[in-house]
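So the chains spell out like this:
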Amino acid sequence: MLKTTLKKIIITIAMVSVASSSFGCGDSNNPSNPLDKPNVEEPLIEWEPCPLITEPCPSGDELHCFSDDSTLDAECAFVQLPASYNDPLGPKLEVFLKRKKAIQPSVGQLWLLMGGPTTSVALEPAIEIFEYLREDLDIYLIERRGFGRSTLLRCPEQEAENSPGGKTITIDELVDCTAFLEEKHGRLEYFRTTYAAYDVDHLIQAMRKDDDEVYIYGTSYGTFWLNRFLQVTSQPVDGLIFDGGCGPGDCSFNSASAVLGWDATGRRLLRQCAEDERCGSYLPDPEETLARLYEKLDNGHCPALGISSETLYNIVSIMLTELDLRDYIPSLIYRIDRCEQRDIEALTKLLHPTNFPEAEDAFIQHHSEFTSDHITFNEMWIKPAPEFTPEERAKYDNRLFGEFTSSKSYIDRMAAWPASYDADEFAGQIAKTDLPVLFLHGTLDAQSPFEVADPFGQSFDGPNQNYIYVYDAGHFVLQNSPLADYPEFSCGMDLVGQFLNDPKAELDTSCIYGVTPLNFDARELYGTDDAWN
């Protein structure tokens, strides 16, 4: 029963995953330390029953709905918090909380911070994993301001189906969209990460009882958010978990570390193929084969398959991020290069859209393209763009894998962004802390690659601080590190469970070598008896 339950939880997470007008007075562009501020009013938190997993609403105008048949296995609350923590008695905005009460008598809190930046809906299935790991903690999932039910930033006119870009806001629509949002919500700088960190700090304090244990888990952008929490908080916390580190500076989307890290991760996978006896027999030099294949496709190779070098680049880059697809990358390269009829048939099956993850309806309803870009362009983008060294430029020009943020269209969008705000005093700094830390990194994490995560992880080198590589794990180690001997469980779950139960104990890290290895002979999605033939 335990294995079956955990398998369902992990599968669910995989399906979900795949980013100035006056408002109040006395505000500044640079939030100061909260200890220098007036006291913030105690928020009124009224809980109501709600589903643990958010259900899609039939109307796009609704975000919080459930049917008479819904299982109300969690509690939800809408909390009014300061729009600006420099004016805590001024205008408010609404922040949404979800809580799963402890199975056993509660001794504390565990707070979950979603990555992206995107909606916390994507992290809801993980609540049951944490509940399994520690049954005596109340688990809180906060929706970051600007997404979902936390004062969603959305432009109905510019995101209408019949608008020029459909649900995507075009560059030409950005000015009107921004004006609409400023008229509705006030100054858009209030959606900066620093104020989102104050939200977490304030709510923990509001919910805290004497002697409560408090733990915080952040994944991807959630680790960036967690770092900012450490910079603004003055209250004690029992343990911090960083999963897929996205630290200030190196996690900027146009930094050399981020732009080249995706490619470096893909090349690590290809080198593992070359070292594998069977994979290496078909692709002795997979990096050279893929580079040559891009050139061949530009010259009309394999017309029956109908893909360009750009399409293949996007395909392998996406596959690299998915545990169920990354094993197929070497054989896909080999089959496209060979391009026989049997390869066309097998590749057509592999590349069918149903094999690639799509966002759930509830996720789409709660995500905000504007908020995601707003945070990215203001806080995770180096301005002016950094100059690459000759070596970095050569690597950039010869990338085999990459992410969309290095594309010209995305760079043009950043240049046109009309809702900029100044960096505050916390920007670009890794927080100093002596609190217990568990920092997890997967060696095949493309989204937060080693080149980005390592400086962040290395900073936590004090007593009871653990920086751990999990071999062959992907992004979101909690999920993407299944154990070879027990695939329904993961190394990330093992390590997080140990840490939550005793954050000052020495961890047994033996599982980092026990993750399910890459299987370059994966063939199921080809519909053949052999991956290569």
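All values derive from a computational prediction rather than experimental measurement.

**Q** Explain the state of the cysteines here, please?
**A** Working definition of a disulfide: a covalent bond connecting the sulfur atoms of two cysteines. This structure, assessed with the given rule, holds 6 disulfides. Across the disulfide, C246 is cross-linked to C251 (sulfur-sulfur distance 1.8 Å). On the sign convention where negative means left-handed, the S-S torsion of about -100 degrees between C246 and C251 marks this disulfide as left-handed. Between the sulfur atoms of C273 and its disulfide partner C279 the distance amounts to 2.0 Å. Its S-S torsion of approximately -90 degrees makes the covalent link between C273 and C279 left-handed. C279 sits in the buried class, given a relative accessible area of 0%.

**Q** What should I look at first to understand the pattern of salt bridges in this one?
**A** It is possible for side chains bearing opposite charge to pair when their charged atoms get close. The final tally for this structure, using the stated rule, is 29 salt bridges. One salt bridge connects E189 with R187, and the closest N-O pair in it is separated by 2.3 Å. Judged by relative accessible area, which is 6%, E189 ranks as buried. In this structure R187 comes out as buried when scored by relative accessible area, which is 18%. We note a salt bridge from D263 to R267, for which the minimum N-O separation is 2.8 Å. Linking D263 with R267, this pair stays in helix α6 (residues 256–275), spanning 4 residues, or about one helical turn. For the pair shown, D263 and R267 are each scored as buried. Several salt bridges converge on common partners, so that one network encompasses R187, E189, R192, R228, E379 and D424.

**Q** Is there a simple way to explain the pairing of strand β9 (residues 465–470) in this structure?
**A** Working note: regular strand, side chains alternate between the two faces of the sheet. For β9, the tally of buried residues reaches 5 of 6 residues, placing the bulk of the element in the interior. When strand β8 (residues 437–442) meets β9, the two strands line up parallel, connected through 6 bridges. Along β9, the bridge assignment pairs F439 with Y467. Taken together, β8, helix α16 (residues 450–458) and β9 form a β-α-β motif whose crossover is right-handed.

**Q** Explanation requested: the packing of aromatic side chains in the structure shown.
**A** How two aromatic rings sit relative to each other is set out by the distance from centre to centre and by the angle between their planes. Tallied over the entire structure, the rule returns 31 aromatic pairs. Note on Y334 and W532: the rings are 5.6 Å apart at their centroids and 70 degrees apart in plane angle, and the pair reads as edge-to-face. Separated by 198 residues along the polypeptide, Y334 in helix α10 (residues 329–338) and W532 in the segment after α17 (491–501) bring together distant segments of the chain. You'll find Y334 and W532 in the same group, each marked buried. Centre to centre, the rings of Y471 and Y513 are 5.4 Å apart; their planes meet at 15 degrees, and the pair counts as stacked. On the criterion of sequence distance, the pair formed by Y471 in the loop between β9 and β10 (482–483) and Y513 in the segment after α17 is long-range, its members being 42 residues apart. On the basis of relative accessibility, which here comes to 63%, the residue Y513 falls in the exposed class. One Lys or Arg, R335, reaches over the ring of Y526 and ends 4.8 Å from the middle of that ring. One cation-aromatic arrangement involves R399 over Y396; the distance from NZ or CZ to the ring centre is 3.9 Å.

What counts, and at which threshold
- Within each chain, residue numbers correspond to sequence positions counted from 1 in written order.
- Local features in this predicted model are restricted to residues whose pLDDT is 70 or higher, and side-chain atom pairs enter the listing and the counts only when it is 80 or higher, whereas totals over whole chains, interfaces and linings include all residues.
- By convention in this description, side-chain values take in all heavy atoms of the structure and omit both hydrogens and water.
- A pair of cysteine sulfur atoms is labelled a disulfide when the two atoms are within 2.5 Å.
- Note on exposure labels: buried denotes an accessible area under 20% of the residue type's maximum, exposed denotes more than 50%, and partly exposed covers the range between, all computed with a 1.4 Å probe on protein chains only.
- Salt bridges, as used here, are contacts in which a Lys or Arg side-chain nitrogen is within 4 Å of a carboxyl oxygen on Asp or Glu.
- The helix and strand labels rest on DSSP assignments: H or I over at least four residues marks a helix, E over at least two residues marks a strand, and numbering proceeds from the N terminus.
- Pairing between strands requires that DSSP locate at least two bridges from one strand to the other.
- Place the viewer so that the strands point away; then a crossover is right-handed whenever the path from the first strand over the helix to the second strand goes clockwise.
- Within 6.5 Å between ring centres, the rings of Phe, Tyr and Trp (the latter by its six-membered ring) count as paired, and their orientation is classed by plane angle as stacked under 30 degrees, edge-to-face over 60, tilted in between.
- A ring is considered to have a charge above it if a Lys NZ or an Arg CZ atom is located within 6 Å of its centre and within 35 degrees of its normal.

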